[in-house]
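One-letter residues, chain by chain:
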Amino acid sequence: MSTAVSPLAPTDVPEMPAIAGVRLATAAAGIRYKNRTDVLLALLDKGTAVAGVFTKSKCPSAPVEWCRAKLKGGNARALVVNSGNANAFTGKTGKASTALTAQIASKAVGCSTNEVFLASTGVIGEPLDATKFDGVLAQLTDAAAPDHWMDAAKAIMTTDTFPKVATATVKLGKAKVTINGMAKGAGMIMPDMATMLSFIFTDAPVSASVLQVLLKAGVEDTFNALTIDGDTSTSDTLLAFATGAAAAQGAPKISRASDPRLKAFAEAFQEILANLSEQVARDGEGARKLVEVVVEGATTKPSARRIAMSIANSPLVKTAIAGEDANWGRVVMAVGKAGEPANRDKLSISFNGIRVAKSGARDPSYDEKEVSEAMKAPKIQIKVALGLGKGRDRVLTCDLTKEYVAINGDYRS
């Protein structure tokens, strides 16, 4: 966790309301960090539905494998999250650590281990000493309260410079329901599912199967359209929990994703995911500029996505942005190497609305002074028009600065 807050951090941080059926507590268990909290326990009332999406890495962490196995039950009573150690690439020791953590949590909470969900973030390859949770989780069970949202978001941070939270209130039927979300992530991010860790909570009476549909659809243009450095984490986990407590206020129980009463809730759910994913981009390690890459005129949307990701993941493009250089030649390079249909002579490129290249050459009206001034903005949009079809997509990233190298060069030391 950095002591210097990103200059791109949101200036308007929401007050996080309580959600009926959710209580939170944090503690310093000494997993890796000194003098800071590093464990989060979320207590969930009986009947809470759960859904999740996880990393597509072929080397997933032990907690990811644990959650995948337990997700089939569809119910959750506890979430335990630790920062400082990812419990990834830890072999049989890692599996034993997850089992022990779940046993300690289930005893403290009074539930089955099948209802305990786990997430870990931090250094890869170091064994996690789960005995450090013994006693701590029991204390957290007693201390848990419904208003500890910011403390919870801080406890799961690693190289993050600010806690990431979002909230929305929307009507389901005639009743108001609340959605709260938190996320962590600043590096090793090109999720292909979610950010490194993100958790969504609601009091809406929504079934596990409906939550799963909302998650899978929701991440596609939010967390899956996000990259900091092109590296997919072993630990990426996005879990959603629905306590159903709003049913007592008249909210209808939703068991089908096609239920028309779900529309407003689904839109608010999507907005929470979009908000959190943008905050991750704003907190990219060493970031000084938020970068939006828009590709239009592609043959298909998937083709536009792959081209946009090629641009967003290019170190040459990202360092040019850091240097406030509208180097469209590097964008052309990234388009060309993406392996997708592109015609050099139809290509147009703009930076923050100023077209710098048209029909495969520098724009005749190009003004270096005008473009250089535009590149000083904290948010940069790169728009590429391919002129081949109707495919369009958008991804978020950030610039690549010397600070990124410094953070990652010193991460384990």
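Residues numbered from 1 in each chain as written. Predicted model: local features only at pLDDT ≥ 70, side-chain atom pairs only at ≥ 80, totals over all residues. Heavy atoms only, no water.

Considering the domain arrangement of the protein
Each assigned domain of the protein is listed with its residue range as follows: domain 1 (22–283) and domain 2 (290–410). Between domain 1 and domain 2, the C-alpha centre-to-centre distance is 33 Å. Opposite the 14 residues of domain 1 that make contact, domain 2 presents 15 residues. Taken together, both faces of the contact between domain 1 and domain 2 bury some 1,200 Å²; the carbon and sulfur share is 54%. Three residues, A225, T227 and I228, lead the burial of domain 1 against domain 2; their summed loss comes to 35% of the area buried on that side. Our count for the domain 1 to domain 2 interface comes out at three salt bridges. The salt bridge partner of K301 is D221, with a shortest N-O separation of 3.1 Å. Here domain 1 and domain 2 share nine residue pairs in polar contact (both at pLDDT 80 or more) between them. By residue number, the principal contributor to the side of domain 1 that touches domain 2 is helix α6 (residues 263–282), which donates three residues. Split by residue class, the side of domain 1 that touches domain 2 holds five nonpolar, four polar and five charged. (Domains from an automatic or database assignment. Contact = heavy atoms within 4.5 Å. Buried area = accessible area lost by both parts, 1.4 Å probe. Salt bridge = Lys/Arg side-chain N within 4 Å of Asp/Glu carboxyl O. Polar contact = N/O pair within 3.5 Å; in protein donor to acceptor, adjacent residues only side chain to side chain. Helix = DSSP H or I, 4+ residues; strand = E, 2+ residues; numbered from the N terminus. Nonpolar A, V, L, I, M, F, W, Y, C, P; charged D, E, K, R; others polar.)

Thoughts on the environment of T113
Along the chain, the position of T113 falls in the loop between α2 (91–109) and β5 (116–123). A relative accessible area of 25% means that T113 is categorised as partly exposed. Counting along the chain gives 37 residues from T113 to A76, while the straight-line C-alpha distance between them is 9.5 Å. Apart from the residues within four sequence positions on either side, T113 is in contact with W66, K70, A102, Q103 and S106. (Buried < 20%, exposed > 50% of the residue type's maximum accessible area, 1.4 Å probe, protein only.)

Section: the nonpolar core
Of all hydrophobic cores here, the largest spans 52 residues; its most connected members are L79, M182, F199, F201 and L239. Considering each element in turn, this core owes the most residues, six residues, to strand β2 (residues 39–44). Apart from residues no more than four positions distant in its own chain, L79 is found in contact with L40, L41, A42, F117, L118, F199, F201, L239 and F241. If you look at the next biggest cluster of nonpolar residues, it comprises 42 residues, including L172, V177, I179 and A240. (Core = buried A, V, L, I, M, F, W, Y, C linked by side-chain atoms within 4.5 Å.)

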